[in-house]
Every structure is written in structure tokens, then in C-alpha cells.
Amino acid sequence: MTILSDQAGTGLRFRTAPPVVPGLFVRRTRLNALLDRAVDSPVTLVSAGPGNGKTLTLADWTQHTTHRVAWLSIEPSDNRLSGFWSALIAAIRVCGCVEPGSALADLAPAASFGVEDAMRVVDALAQLPAPLVIVLDDVQHLRDRDVLESI
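Before going into details, it helps to say that this report is about the structure given with it. Please read all numbers here as calculations on a predicted model, not as lab measurements.

### As for the layout of surface pockets
Then comes step 1: Computed from the structure, the largest pocket encloses a volume of approximately 1,300 Å³.
Then comes step 2: Pro42, Val43, Thr44, Ile134 and Leu136 are, among the 39 residues lining the largest pocket, the residues nearest its centre.
Then comes step 3: Sorting the residues of the lining of the largest pocket by element identifies helix H1 (29–38), helix H2 (54–64), helix H3 (81–94), helix H4 (115–126), strand S4 (132–137) and helix H5 (145–150) as the ones contributing at least two each.
Then comes step 4: At 6 residues, the largest contribution of residues to the lining of the largest pocket is made by S4.
Then comes step 5: A per-class count over the lining of the largest pocket returns 27 nonpolar, 7 polar and 5 charged.
Then comes step 6: In this model, the second largest pocket occupies a volume close to 190 Å³.
Then comes step 7: Around the second largest pocket, the lining residues are Arg28, Leu31, Leu34, Leu35, Val46, Ser47, Ala48, Asn52, Gly53, Lys54, Thr57 and Leu58.
Then comes step 8: Taken together, the elements giving at least two residues each to the lining of the second largest pocket come down to H1 and H2.

This is the structure:
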């Protein structure tokens, strides 16, 4: 692990926040209610065809939920363990749930980042004082076996 000097890095800032929901967006209250219930499960998959509004529905839900949410828009460049976990840790920090002194406060995966390191991050997540919902948008871009197994 190495120290991350810039909280999220300028290249990650746009990926660690949900997109802006347009004013004319039709709020899907039934889907939002399902998402509210789904956070009690360890993993929830939102699946539909391209252009069906998955991202905007999740972005809208994040604006109306009482849960703390870390958002990461996945890109093909996240197909390396160190790249994926660096981006995810940045998203977790950006959401404001990492307190000073937390193991997540200063960590950033180095090139040698491995599955054991990912488990240390998961352990640090378990130490957070309140539950956290992590949204991985466009997870279909992840193809690397090590990245997928680490999740």
C-alpha cells in the first residue's frame, strides 16, 4: 500500500459522484422502494438493457435515500486490481464516511496490490461506524478475473 496524496485525484472526481438527474426525469418510486429494501442484501444487481435508465434511477435513489452511498462509475481501465481498488477507495473517501484515523484514510493500492490487500480494505470497511452502500455503475466493463474475484 502507498499513500494517496490527493484525496480522489482529479481524474477520479467525476467518477465518484452520481450523474446529475435531469429536472424532467420521471422518478420511479416503485424501483426506489425496491432499492431501499435491497440494501439489506450483501449484493444487489440492477440489470436492464442499454438506455433503460439504470444509472439515472440509481442516481435519483442516492438523492432520496437515508443510506450513505459511495458511487464509482467503472471504466475499462479498472481491469487491474490496483486500479479498481484505488478508484473504489477514492469513491469511499469522497462520500465522507471515512473518519480520520481509519485505515482507509491514507491507503491507496500500489502496483503489487493483491487479493490479501483487498481483504484488508474490506476489513477496514467493516470498521466504519455506519453501514455504507457502494454503487458500482457499469460493472460490465470489469473483465479481469482477479478484480472480479476480489469483489
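### Observations concerning H3
Then comes step 1: The end-to-end C-alpha distance of H3, which contains 14 residues, comes to 20 Å, matching closely the 20 Å that a straight helix rising 1.5 Å per residue would cover.
Then comes step 2: Of all 14 residues that make up H3, 12 are buried, and the element is covered over most of its length.
Then comes step 3: One or two residues past the end of H3 sits Gly96, with phi positive at roughly 85°.

### A short note on the pairing of S4
Then comes step 1: Where burial is concerned, the two faces of S4 differ: the one with Val133, Val135 and Asp137 is buried and the one with Leu132, Ile134 and Leu136 is not.
Then comes step 2: Of the strand pairs in this sheet, strand S2 (residues 68–73) and S4 are connected by 6 bridges, and their pairing is parallel. Pairing of Ser73 across the sheet is with Asp137, part of S4.

### Thoughts on H1
Then comes step 1: Those residues of H1 that fall on the buried side of the exposure criterion are Asn32, Leu35 and Ala38. For H1, the buried positions fall inside an angular range of 120° around the axis, keeping them on one side. In H1, the exposed positions angled more than 90 degrees off the buried face are occupied by Thr29, Arg30 and Arg37.
Then comes step 2: Structurally, H1 contributes buried residues whose contacts are with H2.

### As for a nonpolar patch on the surface
Then comes step 1: Nonpolar side chains collect at one region of the surface, where Val115, Met119 and Val122 lie side by side and expose about 230 Å² of accessible area between them.
Then comes step 2: Mapped onto the elements, Met119 comes out in helix H4.

The rules behind these values
- Residues numbered from 1 in each chain as written.
- Predicted model: local features only at pLDDT ≥ 70, side-chain atom pairs only at ≥ 80, totals over all residues.
- Heavy atoms only, no water.
- 1 Å grid on protein atoms, 1.4 Å probe; cavity = no way out; pocket = protein on both sides within 12 Å on 5 of 7 lines; lining within 4 Å.
- Points joined across faces, edges and corners; volume = space filled by probe spheres on them.
- Helix = DSSP H or I, 4+ residues; strand = E, 2+ residues; numbered from the N terminus.
- Nonpolar A, V, L, I, M, F, W, Y, C, P; charged D, E, K, R; others polar.
- Expected span 1.5 Å × (residues − 1).
- Buried < 20%, exposed > 50% of the residue type's maximum accessible area, 1.4 Å probe, protein only.
- Pairing = 2+ DSSP bridges.
- Arc of directions from axis to C-beta.
- Contact = heavy atoms within 4.5 Å.
- Patch = residues over 30% accessible without salt bridge, like charges linked within 9 Å, V, L, I, M, F, W, Y side chains within 5 Å.
- Areas by Shrake-Rupley, 256 points an atom, 1.4 Å probe, with all protein chains shown as cover.
- Salt bridge = Lys/Arg side-chain N within 4 Å of Asp/Glu carboxyl O.

From the geometry alone we can't say anything about function, so treat these as descriptive.
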